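Chains, contacts and geometry: an overview
The primary structure of each chain is shown beneath.
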Amino acid sequence: MSVSAVAADRSVCAPLPVLGRDVRVPLVTGGEIDYAALDYAASAPALQRVWDDVAAYAPYYGSVHRGAGYLSQLSTDLFENSRRTIAEFLGCGIEGGLGEAQSGKGGGGRREGDQVVFTRSTTDSLNLLAAVLPQDTRVFVFETEHHASLLPWEQRADVAVTYLNAPRTPQQAVDTLEKALAERRPYGPALVCVTGASNVTGELWPVRELAAAAHAHGARIVLDAAQLAPHHPVDIAELDVDWVAFSGHKLYAPFGAGVLAGRADWLQDAAPYLAGGGASRKVSRRTDGGVDVEWHTTAARHEAGSPNVIGAYAIASACRALSEAGFEDVVAREQALITRVREGLAEVPEVNVLSLFGEDAARVGVFSFVVEGWNSSHFAAALSAEYGIGVRDGLFCAHPLVRTLLDSEPQEPGECGAPDSAPGERSLNAIRVSFGVGTPDEHVERFLRAVKELVADGARWTYHTEGGRCVPARGVV
């Protein structure tokens, strides 16, 4: 079904039920309204399906891997089945509970020899990968990355990092990477880190082409799929990436878990990310008083301690729910909402949508923008207090990218909410609206109406800075 057809009959692809869809919030102007959660890029609401699955399992919760009791055995099966479900969702090839390789197919089928490691988040996943890099690896990363994929690499003194300038077209991204890889000296191990969809602009990056460029120059590539996986299928073999990292809380699954999935060799060859129980296979005392440790070679090697069973199960539940809903339908409906937001914001001349690749670039449901004559924190506060709409304002943990995009944009401090800036430096911040599978049409329409009214008529309430945030003044219209 085409995007235009979905837009004409959105009842064909109803939003998936999420928690919080019936929450009422107060308005400073009086009364209450259904909360419009339009901050999916920060943390998406939990799918009702995920919450129901977790609630059904909760009475049976137990320790995993080493318990003889029924609940421990059940929890172990659930934990390892969750690993297999996520592997299937990503197109990985694993067997057994602990991430050993299975025979797989290349070229868009299951890939051989992958591991699925449970972590706390995308940030934790990429820090884990940084910890296992071979000595003297050179990392190539665009300045446009989220801090989670921009910052971990320099924690290693024996790893060199090359930061690439922000490209202005997808092809320029590929060309920039090609040139940097071709010029690298010495020719040792190399890793490219790239986002699948920007958390600032929502724009899709040419992952497959970047992977081809990396592999052509003997480098590996890790995909930050935190913003991509909730909106599009991510197949590790089809994209030909070496690793994928993402977070459960972006994928409609709460409880603080993440995933690093991909090639096993660097993971197996490196010391454990954390030392402790679960990562060790055998520990014995030496005659000199020390200890000898035999570490697991499976995913367990980097999962020391009691694992977040419920977090892992929540991610697996979300993967099943998205797959069963039909990603084609999910993508088509979201594209209809994207078209509506793009067209609606374009009707307001004072609104400037931030973009690297151009206003018509393919994207997921993430838009960042500034409004002429408004400080972004003030505008976001008015959306919340007067319309019950939750968005994000600031630099979105992607400071170099947002500063690049805002460099030529005037930002008036306004009467409140201007973020701190260095002496002589302009205050820079933007507004981000983001949505996904649980977003009703009404939330998008209310947002667009609010933008038009605030630009045309101004805020109906008085706001001031409190605790570094722009907030409505108490009892003052």
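It should be emphasised that the depicted structure is a prediction, and the values quoted were computed from it without experimental measurement.

Topic: the overall build of the chain
Within the chain, the secondary structure is distributed over 14 helices and 21 strands. Looking at the 477 residues of the chain, the share that counts as buried comes to 53%.

Observations regarding the pairing of strand β7 (residues 138-142)
Burial analysis of β7 places 4 of its 5 residues in the buried class, which makes it a mostly covered element. With 4 bridges connecting them, β7 and strand β9 (residues 190-195) associate as parallel partners. When the sheet's bridge partners are listed, F140 is paired in β9 with V192.

As for empty space enclosed by the protein
Considering all chains together, one arrives at 2 cavities of 30 Å³ or more under this definition. Lining of the largest cavity is provided by V64, H65, R66, F79, G278, A300, E303, G305 and P307.

Notes on the confidence of the model for the chain
On average, residues of the chain score 90 in pLDDT, and 89% of them are at 70 or above. Every residue in residues 96-108 scores below 50 in pLDDT, and together they form 36 contacts with partners more than four places removed in sequence or on other chains.

Observations concerning the packing of aromatic side chains
Counted by the stated rule, this structure contains 13 aromatic pairs. Ring geometry for Y40 versus Y252: centroids 6.1 Å apart, planes at 70°, classification edge-to-face. A residue pair is termed long-range when its members are at least 10 positions apart, and Y40 in the loop between β3 (36-37) and α2 (48-57) and Y252 in the loop between β11 (243-247) and β12 (258-263) qualify at 212 residues. On the basis of an interplanar angle of 85° and a centroid distance of 4.9 Å, the ring pair of W374 and F379 is categorised as edge-to-face. The burial state of W374 is the same as that of F379; both residues are buried. Ring pairs connect the aromatic residues F369, W374, F379 and F447, which therefore count as one cluster. Over the aromatic face of Y187 sits the side chain of R184, whose NZ or CZ is 4.1 Å from the ring centroid. Geometry around F367 places R363 over its ring, the cationic atom sitting 4.2 Å from the centre.

Overview of the pairing of strand β21 (residues 469-472)
Relative to β21, strand β20 (residues 463-466) runs antiparallel, the two sharing 4 bridges. Looking at β21, one finds that E466 is bridged to R469. Connecting the antiparallel pair β20 and β21 is a turn made up of 2 residues, with G467 showing a positive phi of about 60°.

A look at the sheet that holds strand β16 (residues 366-371)
Taken together, 4 strands build an open sheet; the order of strands is β15-β16-β19-β18 and the sheet is antiparallel. Two strands close off the open sheet at either side, each with one partner strand: β15 (351-353) and β18 (392-394). Strand-to-strand twist across the sheet, computed as the mean angle between neighbouring axes with direction ignored, equals 30°. Here 3 bridges tie β15 to β16, and the two strands are oriented antiparallel to one another. Note on β16: the bridge partner recorded for V351 is V371. Each of β16, β18 and β19 (430-434) is contacted by helix α12 (residues 376-387), which is oriented at about 115° to β16, the strand it contacts most.

A look at the environment of L126
Counting through the fold element by element, L126 comes out in helix α4 (residues 122-132). Sequence separation between L126 and V244 is 118 residues; the distance between their C-alpha atoms is 9.3 Å. Other than its neighbours up to four places away in sequence, L126 contacts A148, S149, P152, W153, V222, D224 and A245.

Describing the environment of Y463
Inspection of the secondary structure assignment puts Y463 in strand β20. The spatial distance from the C-alpha of Y463 to the C-alpha of R474 is 8.8 Å, given a sequence separation of 11 residues. There is a polar contact of 2.6 Å between the side chain of Y463 and the side chain of E386.

Quick word on the nonpolar core
Soluble globular proteins: nonpolar side chains tend toward being buried together. I86 and L90 are the most contacted members of the largest nonpolar core, which totals 88 residues. The leading source of residues in this core is helix α10 (residues 309-325), at 11 residues. Apart from the residues within four sequence positions on either side, L90 is in contact with V234, D235, I236, V244, F246, V259 and A261. Listed in part, the 33 residues of the second largest apolar core include V371, A385, V433 and F447.

Focus: the sheet that holds strand β6 (residues 114-119)
Judged by pairing direction, the sheet is mixed, and its 7 strands sit side by side in the order β6-β12-β11-β10-β9-β7-β8 without closing on themselves. Unpaired on one side and paired on the other, β6 and β8 (160-164) mark the two borders of the sheet. Sheet twist, expressed as the average angle between the axes of neighbouring strands with direction ignored, equals 20°. Here strand β10 (residues 220-224) pairs with β11 via 3 bridges, running parallel. From the neighbouring strand, D224 faces β11, where its bridge partner is A245. Contacting β6, β11 and β12, helix α3 (residues 70-90) runs over the sheet at an angle of about 120° to β6. Here helix α6 (residues 170-182) sits on the sheet and contacts β7, β8 and β9; the angle it forms with β7, its principal contact strand, is near 160°.

A closer look at the environment of V455
Inspection of the secondary structure assignment puts V455 in helix α14 (residues 441-457). If we ignore the near neighbours within four places in the chain, the residues touching V455 are V348, E350, V371, W374 and F379.

Calculation criteria
- Residues numbered from 1 in each chain as written.
- Predicted model: local features only at pLDDT ≥ 70, side-chain atom pairs only at ≥ 80, totals over all residues.
- Heavy atoms only, no water.
- Helix = DSSP H or I, 4+ residues; strand = E, 2+ residues; numbered from the N terminus.
- Buried < 20%, exposed > 50% of the residue type's maximum accessible area, 1.4 Å probe, protein only.
- Pairing = 2+ DSSP bridges.
- 1 Å grid on protein atoms, 1.4 Å probe; cavity = no way out; pocket = protein on both sides within 12 Å on 5 of 7 lines; lining within 4 Å.
- Points joined across faces, edges and corners; volume = space filled by probe spheres on them.
- pLDDT = per-residue confidence, 0-100.
- Contact = heavy atoms within 4.5 Å.
- Phe/Tyr/Trp six-rings, centres within 6.5 Å; stacked < 30°, edge-to-face > 60°.
- Lys NZ or Arg CZ within 6 Å of the ring centre and 35° of its normal.
- Axes fitted to C-alpha atoms, helices over the stretch in contact; angles between N-to-C directions.
- Polar contact = N/O pair within 3.5 Å; in protein donor to acceptor, adjacent residues only side chain to side chain.
- Core = buried A, V, L, I, M, F, W, Y, C linked by side-chain atoms within 4.5 Å.

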